[in-house]
Amino acid sequence: MKYVLPLTHPLLSTENVSITLSGLKILDDVSIGVPQGTVTGLIGPNGAGKTTVFNIMSGFLTPDEGNVRFDGKKLKHIKTHHLTKMGISRTLQGVGLFESLTALENVMLGGSARVKSGIVADSLGMPWADSEQNKLRSQAMETLAEFGIADIADRYPGELPYPVQKRVAIARSLISDPKVLLLDEPAGGISASDMAELGRMIKSWTPKRTVLLVEHHMELVMEVCDLIWVLDAGKVIASGSPEEVRTNPAVLAAYLGEEVSH
Ligand SMILES: Nc1ncnc2c1ncn2[C@@H]1O[C@H](COP(=O)(O)OP(=O)(O)OP(=O)(O)O)[C@@H](O)[C@H]1O
Ligand SMILES: [Mg+2]
């Protein structure tokens, strides 16, 4: 996917976003954009502010200054439960699955904004022989099958190995058929072969879907990203193609003393 900086019409962007939390300026005038149909990377050392950008893009936090724009429109006071309807889906750093729901129910939850009755009602044993719900259930099964884990549909997260839990979490974010996926360290704690598979999978979602990827594994970032933004201590210090970013002295300096791949 081609992009040219500065971006003209990114699908998702932050415009001059700043935020102070507990008296600390965590993001300082951050403007990043995600062009439609690309895998765009957001990288930077630990504590740079990457997850905070995701939290602002998905309405968990409101910036003190600046805007988030999606599909040309300013997003004001985004309600997190409206995100799915708007076409934005995110995974949480770590796994973020509900321990008391099965893998299948967790995946269904990702699509439940579309159905009237809630998955939580189901887990409480409330009656809801709803055809939409059955459709959601079979979609969730299909999604698990796509990820090669249909066999663990009825298992609880705590019973599953970490890499399988990560797959369930990504399946949950995909079932809502989002326009944009925000992936926060999807490769954390998974093996090299699982990572190669994940890279292929992410690439295969584009250009239909657009991805913003936060990741510390540089080999994955460099392989799958069309465009990369680099944050350090709450500021954008570089942007460009993987090759431009890889050789940028400011980026190399920011990572000095950091273990890049962990
Ligand atoms: N609610 C909060 N109150 C105070 N400080 C916070 C809060 N949330 C995050 N921070 C701080 O903001 C900074 C950026 O955090 P953030 O989680 O966005 O970094 P990150 O780039 O995602 O790091 P990592 O690579 O370790 O996940 C860190 O110094 C963190 O301690
Ligand atoms: Mg983070």
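Everything numeric in this text was worked out from a predicted model, so none of it was measured.

**Student:** Pulling in residues and values, what's your account of the domain arrangement of the chain?
**Tutor:** Accessible area lost when the parts come together is the quantity often used to give the size of an interface. Split into domains, the chain comes out as domain 1 (1-87 + 178-262) and domain 2 (97-177). Facing the 18 residues of domain 1 at the interface are 12 residues of domain 2. Carbon and sulfur atoms supply 64% of the area that domain 1 and domain 2 bury against each other, a total of about 1200 Å² over both sides. In terms of surface lost to domain 2, no three residues of domain 1 exceed Thr84, Pro178 and Met201, which account for 34% of the buried area on that side. Inspection of the region where domain 1 meets domain 2 yields 3 salt bridges.

**Student:** Quick rundown of the packing of helix 6 (residues 162-174) against helix 7 (residues 192-205)? Include the residues and the values.
**Tutor:** Two elements in contact, helix 6 and helix 7, have axes whose closest approach is 12 Å; the angle formed by their N-to-C orientations is 5 degrees. One finds that helix 6 runs roughly parallel with respect to helix 7. Contacts from Pro163, Arg167, Ile170 and Leu174 of helix 6 reach helix 7 at Asp194, Glu197, Leu198 and Trp205. Counted by class, the contact of helix 6 with helix 7 contains 5 nonpolar, no polar and 3 charged residues.

**Student:** Now, about the site of ligand 1: what can you tell me, with residues and values included?
**Tutor:** Lining the immediate surroundings of ligand 1 are 13 residues, of which Gly47, Lys50, Thr52, Gln93 and His216 lie closest. Between ligand 1 and the protein, one listed contact pairs an oxygen atom with a side-chain N or O atom of Asn46 at 2.9 Å. Within the side chain of Lys50, a nitrogen or oxygen atom sits 2.7 Å from an oxygen atom of ligand 1. When ligand 1 sits alone it has 640 Å² of accessible area, and the protein chains cover 63% of it. The element best represented in the shell around ligand 1 is helix 1 (residues 50-57), accounting for 3 residues. The residue makeup of the shell around ligand 1, split by class, is 3 nonpolar, 8 polar and 2 charged.

The rules behind each value
Residues numbered from 1 in each chain as written. Chains lettered and ligands numbered in written order. Predicted model: local features only at pLDDT ≥ 70, side-chain atom pairs only at ≥ 80, totals over all residues. Heavy atoms only, no water. Domains from an automatic or database assignment. Contact = heavy atoms within 4.5 Å. Buried area = accessible area lost by both parts, 1.4 Å probe. Salt bridge = Lys/Arg side-chain N within 4 Å of Asp/Glu carboxyl O. Axes fitted to C-alpha atoms, helices over the stretch in contact; angles between N-to-C directions. Helix = DSSP H or I, 4+ residues; strand = E, 2+ residues; numbered from the N terminus. Parallel < 35°, antiparallel > 145°, perpendicular 65-115°, else oblique. Nonpolar A, V, L, I, M, F, W, Y, C, P; charged D, E, K, R; others polar. Near = heavy atom within 4 Å. Polar contact = N/O pair within 3.5 Å; in protein donor to acceptor, adjacent residues only side chain to side chain. Areas by Shrake-Rupley, 256 points an atom, 1.4 Å probe, with all protein chains shown as cover.

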